[in-house]
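# Structure assessment
Below, each chain spelled out in residue letters.
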Amino acid sequence: MLTRRHLLALGGSAMLLPGLPALAEDGSERKFLFVFCFGGWDVTRVFAPLFGASAVSMEDDATLSELGGIPFVDSAARPSVRAFFDQHAEKTCVINGFEVTSITHQRCLQILMTGSGAGGRDDWGSRIANASAHAPTLPYVVVAGPAYTDQLANDVVRLGNDGQFERLFSGTSLELAERPAAAPTAATAAEIDAFLRGDLEAFIAAESGQDGGRFGELYTTALDRQARLMSDVDVDFNPELTEPPIRAQMNTALDALELGLSRCAQVEYKGTFEQTWDTHSDNRRQSDHFEELFEVLGGLMDDLEARPSPTGAGTLADDTTVVVWSEMGRTPGLNTSAGKDHWTFTSCMLIGGGVQGGRVFGEYDDTQVGAPMDLATGDVSDTGVTLTAANIGATLMALADTDPGPDEPILGVLA
Amino acid sequence: MIALLLACHGDVATDSRPAADEPEVLESLDGPRLLRRMSIDLRGTLPTVEELDQVEADRTSLPALRDAMLEDPRLEERLVRMLNERWHMRRDVYDATWWDFGLDYTQEYEFERSLAEEPLRFVARVITEDRPYSEIVTADWTMANPMLGDIWPVDYPPGETGWQPVQWTDGRPAAGALSSNGLWWVYPTTPFNQNRLRAAAVFRLFVCEDYLARPIEVSAATLASEDVDPTELIRTDPYCTACHATIEPVAASLYGFFWTTQYSAAEMTYYHAERELLGPEALDVAPAWFGTPVSGLEELGAQIAVDPRFGSCAVETWTSLLLRRDLELADWETRQRLKASYDDADGRVLPLLAAVTDTSSYRAGAAIEGGDRQVTARTLTPDQLESILNDLSGFEWTYINSPQLDNDTMGHRALAGGVDGYYISRPIQDPTLTWSLVVQRASELAGAQIQEGGAFPSSPTRDEVAELHWRLYAERPTDTWLDDAMALWEGVAAREGDAAATQALVSAMLRSPRMQTY
């Protein structure tokens, strides 16, 4: 837990910056929590009830159910899925059958999160965070999982695999060294900060209009954010491990959103016992992963409802959209090891305000290929287009009231 | 490769950057700062005060200093670190672990870096010994350190230390990095993948063809029939064969490294010559390199070496690594000149590195007109920062034997903008909050170690502070800056003593943008 004692050990330079906006900013714009499921989930275990499709291997004991307008694959082994849709279907939409145009994990990740496998693009989270009108202190906090940046690296705050951010911020990283050192006193830190800022001003003036000028300005922004964070912040950047780890990650992410520190946050779910979703053998593990995921999501919804919105009105659930996705799907049929291999079509789930809840957009045909969609309505249409990750990202941008650029959103998803 | 760039980035002609025939006006760095840039890139250190004075007095002495850097033994480490930014080798997780080899947990970092660096060190040694670069796919030797000498089948010389050239003792073919353990540990395969990912890695690393950037659109393939077999599709459907016609034959040549048991240290340690025949059988295709049959890894390496794209890729790789950006269409003429110098030098990289440092792009300190694609201020990578600090003061930031700027398990490599080889494939140029925190803590540690080690006077004079400014930034300080620096020192000294004051001043100087950019 980051305590005020730790913050004071960093120095009191926050007092040198009287003009900064209040930390608990007006968070009236939509916030996003990304729940990334690494490895490639099998959509036929929840989202794609392709019973009767001879090419698709469905579970023998699964059935088709529908709750709140959302048809799903129901199984006695997954009561949490049923419970989730029972309680939250009206604020949930599923998007089926979008394509990621690759079958390697890393390339699919990049395509999912940026809309392109070519590189040189910032991911949706950093773009949405960067577009915030409120200059959040930690615009896009990546508690776990990947992030892709090009021009917007400055807006992404990675917390590290093992509490590194907490240790850096509190200064305990100086003690965790084979040649430790003491952090400067508060007074010294303040003098160093003032000296450094003066140095930066001169550097920016000398390098104005060049790469160096940009570097200096972004460095100054980083220092400003650090100073703002030094106020009385009660965010646990390194909570105790939970089982599964995503629960602790979510606590940190929601703390950041609740306080208005962040507009976007990401956590990662790697399946039961962190086996990942990459079930090339024994596809039955997908059921366990989905059961645990939806149990966690149920808890998340309760937590969102319980936490106040940083606007001061309503709860965090009112202005947060949860995005649940995986970088790829899995093949329709089983392989010789009773597993499923990589597939370029997958699904995602959007939960929360701003989306047309109680609906499934898109569908799979009997070979588990995504059907074309009319983006204006979100309806399946022979004259529509094949959904891609870029369309999903553009939809998120539109939800964020941000220009999606050349990518087209699914307008029908927007409430 | 430029043509492929055009195909992949069709908006080049319509963006705001100048076309190839429009002149750029770039302002070169002054002599001392250019020397600093070369020293960081080629040695991982700052220039000495003597070197800076020499170049300040006579800029024409710079080429000789640069040439000396290219013969400096520290160049090899720099090449390893640079090449890693393309090969993505230095990761924290592999399919086999330190305990599989009977090592101690305190050796985890050394284990992970040793196995990953084997092929990188090998390539770096080919370069520093000024050998033809084609040896990286044809040589019958590699590099190993004592740890690898203990756990891998190599003839590490008894009584030696450090990285040494060695030969494999398990009869594997002579194919340079293609015969490397490290390469295939980082680029593994599975029974379902059948070496295809490895073939894609060969294309990307050695001829700069990124097959994984090509879109795979299943909707465009013939999937109407439920009897469709994907393994047949990749041989019959034109959309699939566009890539697989060349992937499969290369994959078929890599079966000596095919592991029948996943996560087995024994499987992953030795070459399996008896499995070479499995490739054609499993993939139903004869091994070949773009239509030229090969009988195994040695012939594969030989074909890669004579492929025109190999030399072009070498030029592109090392040029982009030194320029700290990808090459674009506007670099065409520069690229052609560099390729010519590489060819004239019989395909050796040392002359190429020298030629790159002579380009206006490398030397640019400012872009006056039309140069917005140039990187005129580079950000120190975590490994560069660590190397510089270590050279200044013997700086170390380790925990359980793991350098904290060079791992992500408990360290800060990714947070400081470094490449983790998995999610992060390029170093980050922009300062971020976490970068700023890492730099702050590293500077505080280094400041303390510099002060305690006596590398800087405990009660510095104004002239000594000015000289430190010169040493760190390759710039003479202004009077205003010196006034502020002395005021900082005096203020802290009055309150906490000289040692704390020196630590504070040094750490502040290390955090300066002039220190962190080059």
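Within each chain, residue numbers correspond to sequence positions counted from 1 in written order. Each chain is given a letter, starting from A, and each ligand a number, starting from 1, according to the order in which they appear as written. Only residues with pLDDT of 70 or above have their local features reported here, since the model is predicted, and side-chain atom pairs are shown and tallied only from 80 upward, although totals for entire chains, interfaces and linings are computed over all residues. Computation of side-chain values covers all heavy atoms of the structure but excludes hydrogens and water.

Broken down by element type, chain A carries ten helices and 14 strands. Taken against the 2.2 N^0.38 rule, which gives 22 Å for 415 residues, the C-alpha radius of gyration of chain A at 23 Å falls within 12% of a compact globule. Along the three orthogonal principal directions, the C-alpha set of chain A runs to about 70 × 40 × 40 Å. Only protein chains enter the accessibility calculation, which uses a 1.4 Å probe; a residue whose area is less than 20% of its type maximum is buried, one above 50% is exposed, and one in between is partly exposed. Burial status across chain A gives 63% buried among its 415 residues. Contacts in chain A between residues at least 24 apart in sequence constitute 69% of all its contacts with a sequence separation of at least 6. Accessible surface is estimated by sampling points in the Shrake-Rupley manner with a 1.4 Å probe; for residues, cover comes only from the protein chains shown. Approximately 14,100 Å² of chain A is accessible, and the part contributed by carbon and sulfur atoms is 50%. The helix count covers DSSP runs of H or I at least four residues long, the strand count covers runs of E at least two residues long, and both are numbered beginning at the N terminus. This radius of gyration counts C-alpha atoms alone. The globule rule is 2.2 Å times how many residues there are, raised to the power 0.38. Here a residue-residue contact requires only that any non-hydrogen atoms of the pair lie within 4.5 Å.

A few words now on helix 20 (residues 433-453) of chain B. Here helix 20 of chain B is 21 residues long and its end C-alpha atoms lie 30 Å apart, about the 30 Å a rise of 1.5 Å per residue gives. At the exit of helix 20 of chain B stands Gly-454 of chain B, carrying a positive phi of roughly 75°. How far a helix is expected to stretch is found by multiplying one less than its residue total by 1.5 Å.

On to the confidence of the model for chain A, then. Any region with low pLDDT has predicted coordinates that should not be read closely. Overall, the predicted model of chain A reaches an average pLDDT of 90, with 93% of residues at or above 70. The pLDDT score gives, residue by residue, the confidence of the prediction method on a 0 to 100 scale. A low-confidence stretch, residues 1-26 of chain A (pLDDT under 50), is modelled with 65 contacts involving residues beyond four sequence positions or located in other chains.

What follows deals with the state of the cysteines. Criterion for a disulfide: a pair of cysteine sulfur atoms within 2.5 Å. Throughout the structure, instances matching the rule amount to one disulfide over all chains. Across the disulfide, Cys-208 of chain B is cross-linked to Cys-313 of chain B (sulfur-sulfur distance 2.0 Å). An S-S torsion of about 75° defines the bridge between Cys-208 of chain B and Cys-313 of chain B as right-handed. Of this pair, Cys-208 of chain B sits in the loop between helix 9 (196-207) and helix 10 (230-236) while Cys-313 of chain B sits in helix 15 (residues 308-323), placing them 105 residues apart in sequence. The same class applies to Cys-208 of chain B as to Cys-313 of chain B, namely buried. Cysteine Cys-264 of chain A remains unbridged, with the sulfur of Cys-348 of chain A as its closest cysteine sulfur at 15 Å.

Now for the nonpolar core. As used in this record, nonpolar core signifies buried Ala, Val, Leu, Ile, Met, Phe, Trp, Tyr and Cys residues forming a set joined through side-chain atoms within 4.5 Å. Counting 120 residues, the largest nonpolar core has Phe-85, Leu-293 and Phe-294 of chain A as the members making the most contacts within it. Per-element accounting of this core gives the leading share, ten residues, to helix 20 of chain B. Apart from the residues lying within four places of it in its own chain, the contact partners of Phe-294 of chain A are Val-46, Phe-47, Ser-80, Val-81, Phe-84, Phe-85 and Met-349 of chain A. By size, the runner-up hydrophobic cluster in this structure holds 103 residues, among which are Leu-83, Trp-168, Trp-184 and Trp-318 of chain B.

The next thing to look at is the packing of helix 5 (residues 74-87) of chain B against helix 19 (residues 382-393) of chain B. Helix-helix packing is characterised by the crossing angle of the two axes and by the distance between the axes. All names here are of chain B. To obtain each axis, a line is fitted to C-alpha atoms, and for helices this fit is confined to the stretch in contact; angles are then taken between N-to-C directions over 0 to 180 degrees. Interaxial distance between helix 5 and helix 19 falls to 11 Å at its minimum, and their mutual angle equals 160°. Classified by the angle their axes make, helix 5 and helix 19 are roughly antiparallel. Once helix 5 is placed against helix 19, the crossing between them reads as right-handed. Between helix 5, through Arg-74, Arg-78 and Arg-81, and helix 19, the contact on the second element is made entirely by Asp-383, Gln-384, Glu-386, Ser-387 and Asp-391. Put simply, Ala, Val, Leu, Ile, Met, Phe, Trp, Tyr, Cys and Pro go in the nonpolar bin, Asp, Glu, Lys and Arg in the charged bin, and everything else, Gly too, in the polar bin. Of the residues assigned to the contact of helix 5 with helix 19, the class counts are no nonpolar, two polar and six charged. Working definition: roughly parallel below 35 degrees, roughly antiparallel above 145 degrees, roughly perpendicular at 65 to 115 degrees, and oblique for all remaining angles. With the far helix as reference, a near helix turned anticlockwise by less than a right angle produces a left-handed crossing, and one turned clockwise produces a right-handed crossing.

Taken together, the contact pairs 76 residues of chain B with 81 residues of chain A. Buried surface area refers to the total accessible area, computed with a probe of radius 1.4 Å, that the two partners give up upon joining, counted for both partners together. Roughly 6,500 Å² of surface becomes buried between chain B and chain A when both sides are summed, with 59% attributable to carbon and sulfur atoms. Salt bridge, as used here: a side-chain nitrogen of Lys or Arg that lies within 4 Å of a carboxyl oxygen of Asp or Glu. Taken together, chain B and chain A are joined by five salt bridges. For Arg-33 of chain B, the salt bridge identified is with Glu-207 of chain A, shortest N-O distance 3.8 Å.

Another aspect to go through is a negative patch on the surface. What makes a patch is a set of residues exposed beyond 30% relative accessible area and free of salt bridges, joined within 9 Å when like-charged and within 5 Å when nonpolar (Val, Leu, Ile, Met, Phe, Trp, Tyr). Only four residue types enter the tally: Lys and Arg on the positive side, Asp and Glu on the negative side, with His and both chain ends excluded. All charge positions are set by atom: Lys at NZ, Arg at CZ, Asp at CG, Glu at CD. A cluster of acidic side chains, namely Glu-50, Asp-463, Glu-464 and Glu-467 of chain B, defines a negative patch on the protein surface. When residues in the negative patch are grouped by element, the largest group, three residues, is from helix 21 (residues 462-473) of chain B.

Residues and elements named next belong to chain B. A cavity here means a set of points on a 1 Å grid, drawn over the protein atoms and nothing else, where a 1.4 Å probe fits but cannot get out; a pocket is an open set with protein on both sides within 12 Å along at least five of seven lines, and a residue lines either one if it has an atom within 4 Å of a point. Grid points are joined across faces, edges and corners, and a volume is the space filled by probe spheres set on the points. Tallying each qualifying case throughout the model produces ten cavities of 30 Å³ or more. Elements with a minimum of two residues in the lining of the largest cavity: helix 2 (31-43) and helix 24 (513-516). Residue composition of the lining of the largest cavity, by class: six nonpolar, four polar and six charged.

Only Phe, Tyr and Trp rings are paired, with Trp represented by its six-membered ring, and only when their centres lie within 6.5 Å; those with planes under 30 degrees apart are stacked, over 60 edge-to-face, the remainder tilted. Considering all chains together, one arrives at 39 aromatic pairs over all chains under this definition. Taken together, Trp-41, Phe-47, Phe-72, Phe-84, Phe-85, Tyr-269, Trp-277, Phe-290 and Phe-294 of chain A form an aromatic cluster joined through their ring pairs. The residue whose ring lies beneath Arg-309 of chain B is Phe-290 of chain B, and the NZ or CZ to ring-centre distance is 4.0 Å. Taking the ring centre of Trp-470 of chain B as reference, the NZ or CZ of Arg-476 of chain B above it sits at 3.7 Å. Only Lys NZ and Arg CZ are tested; either one counts as a charge over a ring when it is within 6 Å of the ring centre and within 35 degrees of the ring normal.

Residues and elements named next belong to chain B. Computed from the structure, the second largest pocket encloses a volume of approximately 620 Å³. At the level of elements, helix 5, helix 6 (108-128) and helix 19 are the ones that each hand at least two residues to the lining of the second largest pocket. With six residues, helix 6 is the single largest residue contributor to the lining of the second largest pocket.

At the junction of Glu-243 of chain A and Pro-244 of chain A, the peptide bond is cis and its omega measures out at -5° in the coordinates. When you line up the elements, Pro-244 of chain A lands in the loop between helix 7 (211-229) and helix 8 (246-258). Although it is not a glycine, His-88 of chain B adopts a positive phi angle of roughly 55°. The topology assignment puts His-88 of chain B in the loop between helix 5 and helix 6. For Asp-284 of chain B, which is not glycine, the phi torsion reads 55° and is therefore positive. For Asp-284 of chain B, the position within the fold is in the loop between helix 13 (278-283) and strand 4 (288-289).

Residue and element names in this part refer to chain B. Overall, the prediction assigns chain B a mean pLDDT of 91, with 93% of residues at 70 or greater. For residues 1-19, every residue scores under 50 in pLDDT, and the model assigns this stretch 19 contacts once sequence neighbours within four places are set aside. For this predicted complex, the interface score ipTM comes out at 0.92, alongside a pTM of 0.92.

With that settled, consider the pairing of strand 7 (residues 264-269) of chain A. Residues and elements named next belong to chain A. The buried fraction of strand 7 is high, at six of six residues. Where burial is concerned, the two faces of strand 7 agree: the one with Cys-264, Gln-266 and Glu-268 and the one with Ala-265, Val-267 and Tyr-269 are both buried. By the convention used here, strands pair only if DSSP detects at least 2 bridges between them. The pairing of strand 1 (residues 31-37) with strand 7 spans six bridges and is parallel. Paired with Val-35 across the strands is Val-267, a residue of strand 7. Bridge count between strand 5 (residues 140-142) and strand 7: three bridges; the pairing is parallel. If you follow Val-141 over to strand 7, its bridge partner there is Ala-265.

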